[in-house]
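Each chain, written out:
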Amino acid sequence: MIGFDESLLDDADETVRVRFTINGRKVACEVAPRETLVDCLRNVLELTGTHAGCEMGACGACLVQLDGRAVHACLMFTVQADGARIDTIEGLTESGVIADLQAEFHRRNALQCGFCTPGMLVNAHELLSQVTRPSREDIRDALSGNYCRCTGYEAIVDAIDAVAKARIESGGPT
Ligand code: FES
Ligand code: FES
């Protein structure tokens, strides 16, 4: 017969203090050791633009920037982000760095329900930060980890392609 160690229950309420800079603000919070970053962002910090979809790294709805690189917030424990700089869709929006992408998505109807859109924008921002003029193939490849169940990808690829072109013509991000 397998015994049950009641002392293990003592750890159930344990919390860990975590500090990070989120969207330019220093934040400290108490989290459960196994709480994922996406749950912390949404449920503790009320940054609900980051979505929880598959929660297994497949759909891209939870993408945020961690120290300048896109990461899946569903695949990280919050404690792993201790000391990091995190930028969510809210911060990227407020700073204006993705304003041209957002405007182009809007102009081309590259979203319907919008559930996938924050992750799409975080990923598009990452792509254009690294590749000035990606081909349509490059864009499709970069978006291969972002699922959209309503729009279809053509308008999304068109929007990112148009922004890449416009940034080159204007000499940089708007
Ligand atoms: S919720 Fe993280 S990849 Fe789907
Ligand atoms: S716009 Fe609805 S999932 Fe992409």
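Residues numbered from 1 in each chain as written. Chains lettered and ligands numbered in written order. Predicted model: local features only at pLDDT ≥ 70, side-chain atom pairs only at ≥ 80, totals over all residues. Heavy atoms only, no water.

### Concerning the domain arrangement of the protein
Move 1: Parsing the protein into structural domains produces domain 1 (6-92) and domain 2 (96-170).
Move 2: Between domain 1 and domain 2, the residue contacts involve 16 residues of the former and 16 residues of the latter.
Move 3: Ranking the residues of domain 1 by area buried against domain 2 places Leu63, Ile89 and Leu92 at the top, with a combined share of 39%.
Move 4: Across the contact surface, domain 1 and domain 2 share 1 salt bridge.
Move 5: At the boundary of domain 1 with domain 2, the tally comes to 6 residue pairs in polar contact (both at pLDDT 80 or more).
Move 6: At the level of secondary structure, the elements contributing two or more residues to the side of domain 1 that touches domain 2 comprise strand 3 (63-66), strand 4 (69-72) and helix 2 (89-95). (Domains from an automatic or database assignment. Contact = heavy atoms within 4.5 Å. Buried area = accessible area lost by both parts, 1.4 Å probe. Salt bridge = Lys/Arg side-chain N within 4 Å of Asp/Glu carboxyl O. Polar contact = N/O pair within 3.5 Å; in protein donor to acceptor, adjacent residues only side chain to side chain. Helix = DSSP H or I, 4+ residues; strand = E, 2+ residues; numbered from the N terminus.)

### Quick notes on the nonpolar core
Move 1: With 24 residues, the main nonpolar core has Leu101, Phe105, Met120, Leu143, Ile156 and Ile160 as its most contacted residues.
Move 2: The set of elements that each furnish at least two residues to this core consists of helix 2, helix 3 (99-107), helix 4 (117-130) and helix 6 (154-170).
Move 3: The element contributing the most residues to this core is helix 6, with 7 residues.
Move 4: Each of domain 1 (6-92) and domain 2 (96-170) accounts for three or more of the residues forming this core.
Move 5: Setting aside residues no more than four positions away along its own chain, Ile156 makes contact with Phe105, Ala110, Met120, Leu143 and Cys148.
Move 6: Counting 21 residues, the second-largest nonpolar core is a separate cluster that includes Val18, Leu37, Leu41 and Met76. (Core = buried A, V, L, I, M, F, W, Y, C linked by side-chain atoms within 4.5 Å. Buried < 20%, exposed > 50% of the residue type's maximum accessible area, 1.4 Å probe, protein only.)

### Examining the pattern of salt bridges
Move 1: Across all of its chains, the model carries 12 salt bridges by this definition.
Move 2: Arg69 is paired through a salt bridge with Glu126; the nearest N and O atoms lie 2.9 Å apart. Of this pair, Arg69 sits in strand 4 while Glu126 sits in helix 4, placing them 57 residues apart in sequence.
Move 3: A relative accessible area of 11% places Glu126 in the buried class.
Move 4: A salt bridge links Glu169 to Lys165, with the shortest nitrogen-to-oxygen separation between them at 3.6 Å. Here Glu169 pairs with Lys165, and both are found in helix 6, just 4 residues apart, close to one helical turn.
Move 5: A residue is classified by how much of its surface remains accessible, and Glu169, at 62% relative accessible area, is exposed.
Move 6: Here Lys165 falls in the partly exposed class, since its relative accessible area comes to 43%.
Move 7: Overlapping salt bridges, with partners in common, bring together Arg133, Arg136, Arg140, Glu154, Asp158 and Asp161 in one network.

### Some words on the pairing of strand 4
Move 1: When strand 3 meets strand 4, the two strands line up antiparallel, connected through 4 bridges. In the sheet register, Gln65 faces strand 4, and the bridge partner there is Ala70.
Move 2: Two successive antiparallel strands, strand 3 and strand 4, enclose a turn made up of 2 residues, where Asp67 displays a positive phi of approximately 50°. (Pairing = 2+ DSSP bridges.)

### Section: the sheet that holds strand 1 (residues 16-22)
Move 1: Pairing in this open sheet of 5 strands is mixed, and the strands run 2-1-5-3-4 from one edge to the other. The sheet is open, and its two edges are formed by strand 2 (25-31) and strand 4, each paired on a single side. On average, each strand axis in the sheet is inclined to that of its neighbour by 40°, with strand direction left out of account.
Move 2: Sheet topology places strand 1 next to strand 2; 7 bridges connect them, and they run antiparallel. (Axes fitted to C-alpha atoms, helices over the stretch in contact; angles between N-to-C directions.)

### Let's talk about the packing of helix 3 against helix 4
Move 1: Contact geometry of helix 3 with helix 4 gives a least axis separation of 10 Å together with a crossing angle of 130°. Judged on the interaxial angle alone, helix 4 and helix 3 are oblique. Like other packed secondary-structure pairs, helix 3 and helix 4 cross with a definite hand, here right-handed. Seen from helix 3, the contacting residues are Leu101, Gln102 and Phe105; seen from helix 4, they are Thr117, Met120, Leu121, Ala124, His125 and Leu128.
Move 2: Residues belonging to the contact of helix 3 with helix 4 are distributed by class as follows: 6 nonpolar, 3 polar and no charged. (Parallel < 35°, antiparallel > 145°, perpendicular 65-115°, else oblique. Left-handed = near helix turned anticlockwise from the far one by under 90°. Nonpolar A, V, L, I, M, F, W, Y, C, P; charged D, E, K, R; others polar.)

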